[in-house]
Amino acid sequence: MLCVVWPDLSVAATLGTFRYHYDVSWGGISIGTLRLSLGSWPGHTDCYRYATKTYPNSIVKLLYGSPSEVSFFCVNHGRIRSKRFVSTLPGRPSQSYMLVFDWKRGVVTNNKGMMRKIPADAVDGLAIQQAVRLWMLRHSGVRSGEVAHFTMVDDKHLTKYKLQFDGKRIVKTPAGRFGTLFVRRIDTPGKVARFWLAPARKDMPVKSMVRDGDRPSITLVLAR
């Protein structure tokens, strides 16, 4: 079993910058698109601004709004350090929140002033995607069956994730056909998370699927 080993700064430098668009479906029904972008964080060394913006179709937008998330994080000695995270759901302030990380004190504070202790490996709900990327980039020779552990912090909870590399797959998307590395969540029965990471896209997912129990699955597929 392989616990997560954080890559060195030379690996972190491969994060790069990009902007991708995904088609989003819920239970097999198209509900809109999602734009995802990674760029530098001006004025900060080895730091990034990672953001998603959802563009739902008119009915979904009317019911649920157009959510967005932004993570500001740095790579410090090969480890992702979340600095600030903002989740916004227009028109629903009770479901929007912000997290501010203080690593000297080992705490995170939300926009309501609630402070919590966090472990050294904690990352916000968006930056965890980049933590998984760094694991795969660092372990380019990873073998099927190997496992990594991650801790995600949100507005109220800490969630432990156990992800397993489960071989290679070919995936067809509107953006093309990709050879991918297949990663899946294995820690909690009933909570499904699957990711198809494409080395041709620096191990970013060209497809992902999550499902919680009997609820319909949410699937993202690279559009362009």
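This text goes with the structure placed above it.
Residues numbered from 1 in each chain as written. Predicted model: local features only at pLDDT ≥ 70, side-chain atom pairs only at ≥ 80, totals over all residues. Heavy atoms only, no water.

### Examining the overall build of the chain
For step 1, the next point in the chain: Across its full length, the chain holds three helices and 15 strands.
For step 2, the next point in the chain: Burial status across the chain gives 49% buried among its 224 residues.
For step 3, the next point in the chain: When contacts within the chain are restricted to residue pairs at least 6 apart in sequence, those whose partners lie at least 24 apart make up 42%. (Helix = DSSP H or I, 4+ residues; strand = E, 2+ residues; numbered from the N terminus. Buried < 20%, exposed > 50% of the residue type's maximum accessible area, 1.4 Å probe, protein only. Contact = heavy atoms within 4.5 Å.)

### Some remarks on a nonpolar patch on the surface
For step 1, the next point in the chain: A cluster of nonpolar side chains, Trp 26, Val 210 and Ile 218, forms an exposed patch at the surface whose accessible area comes to about 250 Å².
For step 2, the next point in the chain: Relative to the helices and strands, Trp 26 resides in strand β1 (residues 18-26). (Patch = residues over 30% accessible without salt bridge, like charges linked within 9 Å, V, L, I, M, F, W, Y side chains within 5 Å. Areas by Shrake-Rupley, 256 points an atom, 1.4 Å probe, with all protein chains shown as cover. Salt bridge = Lys/Arg side-chain N within 4 Å of Asp/Glu carboxyl O.)

### Points about the pairing of strand β12 (residues 176-185)
For step 1, the next point in the chain: Relative to β12, strand β11 (residues 158-173) is paired through nine bridges, and the arrangement is antiparallel. Within β12, the position partnered with Lys 168 by the bridge is Leu 181.
For step 2, the next point in the chain: Between β11 and β12, which follow one another and run antiparallel, lie two residues.
For step 3, the next point in the chain: As defined by bridge partners, β12 adjoins strand β13 (residues 191-198) across four bridges and the pair is classed as antiparallel. Paired with Arg 184 across the bridge in β13 is Arg 194. (Pairing = 2+ DSSP bridges.)

### Here's the deal with helix α3 (residues 128-138)
For step 1, the next point in the chain: Burial analysis of α3 places eight of its eleven residues in the buried class, the great majority of the element.
For step 2, the next point in the chain: Turning to α3, its buried residues number three or more, namely Ile 128, Gln 130, Ala 131, Val 132, Arg 133, Leu 134, Trp 135 and Met 136.

### A word on the side chain of Thr 151
For step 1, the next point in the chain: Secondary-structure assignment places Thr 151 in strand β10 (residues 147-153).
For step 2, the next point in the chain: Its relative accessible area of 1% is what places Thr 151 among the buried residues.
For step 3, the next point in the chain: Reaching out from Thr 151, the side chain makes a polar contact with the side chain of Asp 121 at a distance of 3.1 Å.
For step 4, the next point in the chain: Side chain to side chain, Thr 151 and Lys 160 meet in a polar contact 2.9 Å long.
For step 5, the next point in the chain: Leave out the neighbours within four places in its chain, and Thr 151 touches Pro 119, Asp 121, Ala 122, Val 123, Leu 158, Thr 159 and Lys 160. (Polar contact = N/O pair within 3.5 Å; in protein donor to acceptor, adjacent residues only side chain to side chain.)

### Re the pairing of β11
For step 1, the next point in the chain: Direction of pairing for β10 relative to β11: antiparallel, over a ladder of seven bridges. For Thr 151, the partnering residue across the bridge sits in β11 and is Lys 160.
For step 2, the next point in the chain: Here β10 folds back onto β11 in antiparallel fashion, the turn holding four residues.

### A word on the state of the cysteines
For step 1, the next point in the chain: Considering all chains together, one arrives at one disulfide under this definition.
For step 2, the next point in the chain: Residue pairing for Cys 47: its cysteine sulfur links by disulfide to Cys 74, the two sulfurs lying 1.9 Å apart. Looking along the S-S bond of the Cys 47-Cys 74 disulfide, the torsion reads about 100 degrees, which is the right-handed sense. Here Cys 47, found in strand β3 (residues 47-56), pairs with Cys 74, found in strand β4 (residues 68-76); they are 27 residues apart in sequence, far enough to count as distant. Each member of the pair Cys 47 and Cys 74 is classed as buried. (Disulfide = S-S within 2.5 Å.)

### Thoughts on the nonpolar core
For step 1, the next point in the chain: Among the nonpolar cores identified, the biggest contains 51 residues, and Tyr 22, Tyr 50, Phe 73 and Phe 150 are the most heavily contacted of them.
For step 2, the next point in the chain: Tallying contributions element by element places α3 first for this core, with six residues. (Core = buried A, V, L, I, M, F, W, Y, C linked by side-chain atoms within 4.5 Å.)

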